Amino acid sequence: MTRLDAEVEPAADETAAVCDGPRALLLTAREVPLGGVRAMKVHRSLPQRDLPLIGAWCFLDRFGPQTTTMRVEPHPHIGLQTVTWPFEGTIRHRDAVGSDVVIRRGQLNLMTSGEGIAHSEYSVGDDPIPLDALQLWVALPESRRRGEPAFEQHERLPEIDLPALDGADAYGIVVMGELDGVASPATAYTPIVGAELRIPAGTRVRLPLRPAWEYGLVGVDGTLSVEAGMAVRRDGDTPAPADGASDVAALEPEHLLYLGLGRDDVVVSSETGATVFLLGGEPFEDEIVMWWNFVGRTHDEIAEAREAWEAGAPRFGRVVGHGDERIPAPPLPAIRLTRRHRRV
């Protein structure tokens with residue numbers, strides 16, 4: 001999916017948290033326009049101003065829940081994988097390697113841009129439909145980012161059981177990478193995990209983590225209590241307890257809880273039931289330059305890709321089933337793009 005805002009630096013976070021030991025941050029998603037004339041609204045959790053990546057995950061949008069007509073015309077990508085994970089609705093994906101598929105709940109679309117690819121995304125049908133999905137990007141390492149483009153769709157993904165400390169057992173779907181020995185068949189180029197986790201009402205469960213990896217939890221539905229050893233700071237100055245307990249954070253939809261490094265596990269619970277998405281992986285090998293739909297390492301790389309797209313160069317191919325319609329690239333900013341530095 002395309003970024004129509006082409007932001008250079010994300011806005012400041014509204015909510016943050018600090019802790020002794022492994023660092024944790026409770027971050028609020030930003031609302032941004034998407035989808036051209038119809039101006040779909042999405043909530044963007046990554047990148048944050050102080051947190052450009054979690055492992056290789058460099059971008060996370062949630063579009064929905066809303067009733068709308070999605071028409072995202074052909075647009076380019078370089079240096080990344082797009083990960084589309086729907087909760088509701090059906091979306092048609094077409095791209096420049098010949099793919100023309102429909103994705104629905106429980107299925108994964110994974111597109112690897114390599115040196116360059118273009119694609120489009122339409123909701124199915126002419127009328128507005130209920131839509132809700134996560135769109136994520138994974139930064140490609142140096143060993144893959146200049147390779148050939150590719151696409152894969154996975155209709156069945158492995159489930160993982162999470163035995164409860166109290167209440168009913170929880171379970172998850174491993175969308176990308178590996179969690180506690182359960183591995184997704186989707187192609188990954190760095191050690192990574194992306195998993196949907198469902199915590200039943202009245203359940204308390206331990207999520208297994210790797211101390212050398214960093215992690216984040218994204219709220220999807222319901223409220224999840226996370227025993228992360230923190231005091232939530234809401235006004236930017238004075239730490240204040242979350243829900244009356246300084247070691248528990250309440251994760252709600254449109255929030256991202258960054259858990260940092262150094263954890264063997266984290267204990268979570270929900271009184272009413274909750275669904276969250278777990279992101280994680282080894283810290284990425286390099287700092288990145290990210291602008292519009294491009295992930296690179298230098299300003300010049302980004303400028304070259306933009307020029308190629310605007311010139312209709314063969315680098316990005318032609319999206320199957322489309323004519324000349326395409327999303328034009330926004331102008332580059334007046335300053336040189338620089339690598340995004342982690343500040344947490």
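Owing to the predicted nature of the structure, the values given are computational and were not obtained by experimental measurement.

J.: Can you help me understand the overall build of the protein in this one?
T.: Helix and strand content of the protein: 1 helix and 29 strands. Residues counted as buried form 56% of the 344 residues belonging to the protein. Restricting the contact set of the protein to residue pairs at least 6 apart, pairs at least 24 apart contribute 75%. Summed over all atoms, the accessible surface of the protein reaches about 13,500 Å², with 47% contributed by carbon and sulfur.

J.: So what exactly am I meant to see when it comes to the pairing of strand 6 (residues 71-77) here?
T.: A large share of strand 6 lies buried, amounting to 6 of its 7 residues. The pairing of strand 6 with strand 11 (residues 117-123) spans 5 bridges and is antiparallel. When the bridges of strand 11 are listed, H75 appears paired with H119.

J.: For this particular structure, what's the right way to read the sheet that holds strand 11?
T.: Pairing is antiparallel in the open sheet, where 4 strands are placed in the order 6-11-8-9. Pairing within the sheet leaves two strands with one partner each, and these edge strands are strand 6 and strand 9 (100-103). Between one strand and the next, the sheet's axes are offset by a mean angle of 20°, whatever the strand orientation.

J.: Can you help me understand the side chain of S123 in this one?
T.: Its location among the elements puts S123 in strand 11. Among the polar contacts listed, one links the side chain of S123 to the backbone nitrogen of M70, at a separation of 2.9 Å. Discounting residues that sit within four places of it in the chain, S123 has contacts with T68, T69, M70, R71, T90, I91, I129 and L131.

J.: Explain the sheet that holds strand 24 (residues 249-251) to me, please; I cannot follow it from the model alone.
T.: Strand-to-strand pairing in sheets goes through backbone hydrogen bonds, with the strands running parallel or antiparallel. What the 5 strands build is an open sheet, ordered 15-19-26-21-24; its pairing is antiparallel. Two strands bound the open sheet, and with one partner strand each, they are strand 15 (164-166) and strand 24. Shown here is a sheet whose adjacent strand axes are inclined to one another by a mean of 30°, direction ignored. Taken together, the 3 bridges between strand 21 (residues 224-227) and strand 24 define a ladder with antiparallel strand orientation. Its bridge partner being in strand 24, L224 is matched across the sheet by L251.

J.: Honestly, the packing of aromatic side chains in this entry has me stumped. Any pointers?
T.: Each aromatic ring pair is described using two quantities: the centre-to-centre distance and the angle formed by the ring planes. One pass over the full model with this rule turns up 7 aromatic pairs. Between the aromatic rings of W291 and F294, the centroid separation amounts to 6.3 Å while the plane-to-plane angle is 45°, which identifies the pairing as tilted. According to the relative accessible area criterion, W291 is buried, its value standing at 0%. Within the aromatic cluster, the residues linked to one another by ring pairs are W291, W292, F294, W309 and F316. The ring centre of Y122 lies 5.1 Å from the NZ or CZ of R94, which sits over that ring. Stacked on the ring of W309, the Lys or Arg R326 has its end atom at 3.7 Å from the ring centre.

J.: Help me understand unusual backbone geometry in this model?
T.: In most cases, non-glycine residues show a negative phi, while peptide bonds are predominantly trans. The omega torsion of the bond from L46 to P47 falls at 0°, within 30 degrees of zero and hence cis. Residue position: P47 is located in the loop between strand 4 (40-46) and strand 5 (57-68). Cis peptide bonds are those with omega within 30 degrees of zero, and the linkage from G64 to P65 qualifies with 0°. Examined against the element boundaries, P65 turns out to sit in strand 5. Even without being glycine, E254 reaches a positive phi, approximately 75°. Turning to its location among the elements, E254 is positioned in the loop between strand 24 and strand 25 (255-260). Unlike most non-glycine residues, W292 shows phi in positive territory, near 50°. Summarising the element assignment, W292 is placed in the loop between strand 28 (289-291) and strand 29 (294-296).

J.: Quick question: what am I supposed to make of the confidence of the model for the protein here?
T.: The predicted coordinates of low-pLDDT regions are not to be read in fine detail. For the protein, per-residue confidence averages 90 on the pLDDT scale, and residues scoring 70 or more make up 87% of the total. Predicted confidence is poor over residues 231-245, with pLDDT under 50, and the contacts of this stretch with residues over four places away or in other chains come to 27 contacts.

J.: Honestly, the environment of L80 in this entry has me stumped. Any pointers?
T.: As for its placement among the helices and strands, L80 is situated in strand 7 (residues 80-88). Given the relative accessible area of 0%, L80 is considered buried. C-alpha separation for the pair L80 and A139, spaced 59 residues apart in sequence, amounts to 4.5 Å.

J.: Please clarify how the environment of E73 should be interpreted in this entry.
T.: With respect to the helices and strands, E73 occurs in strand 6. C-alpha separation for the pair E73 and A118, spaced 45 residues apart in sequence, amounts to 9.6 Å. Leave out the neighbours within four places in its chain, and E73 touches H119, S120, Y122, H322, E325, R326 and I327. For E73, the side chain forms a polar contact with the side chain of Y122, separated by 2.6 Å.

J.: I tried to follow the pairing of strand 19 (residues 203-208) on my own but got confused; where do I start?
T.: Each regular strand shows side chains that alternate between the opposite faces of the sheet. Sheet topology note: the strand 15/strand 19 ladder contains 2 bridges and is antiparallel. In the sheet register, A164 faces strand 19, and the bridge partner there is V205. In this sheet, strand 26 (residues 265-270) lies alongside strand 19 in antiparallel orientation, the contact comprising 6 bridges. Within strand 26, the residue paired with V205 across the bridge is V268.

The rules behind the values
- Residues numbered from 1 in each chain as written.
- Predicted model: local features only at pLDDT ≥ 70, side-chain atom pairs only at ≥ 80, totals over all residues.
- Heavy atoms only, no water.
- Helix = DSSP H or I, 4+ residues; strand = E, 2+ residues; numbered from the N terminus.
- Buried < 20%, exposed > 50% of the residue type's maximum accessible area, 1.4 Å probe, protein only.
- Contact = heavy atoms within 4.5 Å.
- Areas by Shrake-Rupley, 256 points an atom, 1.4 Å probe, with all protein chains shown as cover.
- Pairing = 2+ DSSP bridges.
- Axes fitted to C-alpha atoms, helices over the stretch in contact; angles between N-to-C directions.
- Polar contact = N/O pair within 3.5 Å; in protein donor to acceptor, adjacent residues only side chain to side chain.
- Phe/Tyr/Trp six-rings, centres within 6.5 Å; stacked < 30°, edge-to-face > 60°.
- Lys NZ or Arg CZ within 6 Å of the ring centre and 35° of its normal.
- pLDDT = per-residue confidence, 0-100.

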